[in-house]
Amino acid sequence: MSPQRSNRTQLIDGTLRCLERLPPERVTARAIADESGANLASITYHFGSKDDLVTEAVVAGLDRWLTEIADALAGAHDYFRAMEIVATTRHRHAALARTFVAALARAPYDERVRKTLAAGFSRTRHAVAAVLSTGTDTAGIDAAGLALALFNGLLFQTLVDPGLAIEGDRFRVAEARLHEIATA
C-alpha cells in the first residue's frame, strides 16, 4: 500500500491540471479545490492565498518539466538535445509558461512570490548544471544560469508569437554564430 498523498501535493497537482485546461480567469480557488479533491479552506491553510498556491504550483510544474527533459536525455548531458526536447514539449506546457510570466510580473510587488521564484531559480540552476554536466563550481552554476536564461527568453518569445521559435538547425547555427562572436 502506497502512502497517501498530502493535501498540499493534491492542491499543487490540482492547480497544475486547472492551469492546463482552464483559461486564467477560470482558475479560481473553488476550481482548484474541486479539481484536487481538497477542502477550499486548505488553500489558505497551506499556501496563504490562491495566488501563492498558483505560484508554488508553477515552480513545481517547471521543476517537473526539467525532470521530463532530464529523463528524455537519459544522462546524455547534450545541450542541443536538451533544447530540442524543450522545443518539442513547450506546446504542452504553454499554460504553465504563461502563468510563470504572470508570477514574474507580480514578484517585485509581492515578497512571498519573489522568494518562491528566487528559490525556484536557484534550485533550477543547480538542476540544470546536473542535467548538462556543467559542474558544481560557481562557473558551472553560472553556465547553467545562462542556459536557463536562454531557455526562458526563447520560451517567452514563443508565447508572444510561436513563429519566433528558434529550433533545430536554426538553433545550432545561431549558437555557433554567438560562439564566433564570443571567441573573436
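Keep in mind it's a predicted model, so treat the numbers as computed, not measured. (Residues numbered from 1 in each chain as written. Predicted model: local features only at pLDDT ≥ 70, side-chain atom pairs only at ≥ 80, totals over all residues. Heavy atoms only, no water.)

## What to know about the overall build of the protein
Counted only if it meets this: Where helices and strands are cited, they refer to DSSP runs of H or I of at least four residues and of E of at least two residues respectively, numbered from the N terminus. It is over C-alpha atoms that the radius of gyration is taken, and the globule rule equals 2.2 Å times the number of residues to the power 0.38. Neither His nor the chain termini are counted; the positive set is Lys and Arg, and the negative set is Asp and Glu. Every charge is mapped onto a representative atom, which is NZ of Lys, CZ of Arg, CG of Asp or CD of Glu.
Along the protein, the regular secondary structure elements total nine helices and zero strands. Taking 184 residues into account, the globule formula puts the C-alpha radius of gyration at 16 Å, and the protein, at 18 Å, falls close to it. Once the C-alpha set of the protein is aligned to its principal axes, its extents read approximately 60 × 35 × 35 Å. One finds the centroid of the 21 positive side-chain charges in the protein at a distance of 5 Å from the centroid of its 22 negative side-chain charges.

## Some words on the packing of aromatic side chains
As a reminder of what qualifies: The aromatic pairing rule takes the rings of Phe, Tyr and Trp, using the six-membered ring of Trp, and pairs them if the centres are within 6.5 Å, calling planes under 30 degrees apart stacked, those over 60 edge-to-face and the rest tilted. Accessibility here uses a 1.4 Å probe with only protein chains present; expressed as a share of the type maximum, an area under 20% marks a residue as buried, one over 50% as exposed, and anything in between as partly exposed.
Under the counting rule described, the total for this entry stands at six aromatic pairs. Geometrically, the ring pair formed by Y79 and F171 is tilted, given 6.0 Å between the ring centres and 45° between the ring planes. Residue Y79 is located in helix α5 (residues 79-89), and its partner F171 is located in helix α9 (residues 168-183); the two are separated by 92 residues in the primary sequence. Classification of F171 by relative accessible area gives buried; the value is 6%. Here the aromatic cluster, defined as three or more aromatic residues joined through ring pairs, consists of Y79, F80 and F171.

## Observations concerning unusual backbone geometry
Not every positive phi belongs to a glycine, and A74 is a case in point at roughly 50°. Within the secondary structure layout, A74 lies in the loop between α4 (50-73) and α5. A74 gets classed as exposed once you look at its relative accessible area, which sits at 67%. Non-glycine residue S133 carries a positive phi angle of around 60°. Relative to the elements of secondary structure, S133 occurs in the loop between α7 (111-132) and α8 (138-160).

## Remarks on the nonpolar core
Quick reminder of the rule: Here, the term nonpolar core denotes a set of buried Ala, Val, Leu, Ile, Met, Phe, Trp, Tyr and Cys residues that are joined through side-chain atoms within 4.5 Å. Any two residues whose heavy atoms approach within 4.5 Å are treated as being in contact.
Core analysis: the largest hydrophobic core is formed by 43 residues, its most contacted members being I32 and W65. At the level of elements, α1 (7-21), α2 (29-36), α3 (41-47), α4, α5, α6 (94-106), α7 and α8 are the ones that each hand at least two residues to this core. No other element matches the 11 residues that α4 contributes to this core. Each residue touching W65, except ones within four places of it in the same chain, is listed here: V86, T89, R90, H93, L96, F151 and L155.

## Considerations on the packing of α7 against α8
Short version of the rule: Note on geometry: axes are lines fitted to C-alpha atoms, helical ones only across the stretch in contact, with angles between N-to-C directions running from 0 to 180 degrees. Angles below 35 degrees are treated as roughly parallel, those above 145 as roughly antiparallel, those between 65 and 115 as roughly perpendicular, and all remaining angles as oblique. Under this grouping Gly is polar, as are all residues other than the nonpolar Ala, Val, Leu, Ile, Met, Phe, Trp, Tyr, Cys and Pro and the charged Asp, Glu, Lys and Arg.
Remark: α7 packs on α8, axes separated minimally by 8 Å, with the N-to-C direction vectors making an angle of 100°. On the basis of their axis angle, the class for α7 and α8 is roughly perpendicular. Across the interface between the two elements, F121, T124, R125, H126, V128, A129 and L132 of α7 pack against G140, I141, D142, A144, G145, A147, L148 and N152 of α8. For the contact of α7 with α8, a count of residues per class yields eight nonpolar, five polar and two charged.

Such coordinate-based values are descriptive only and should not be taken to indicate function.
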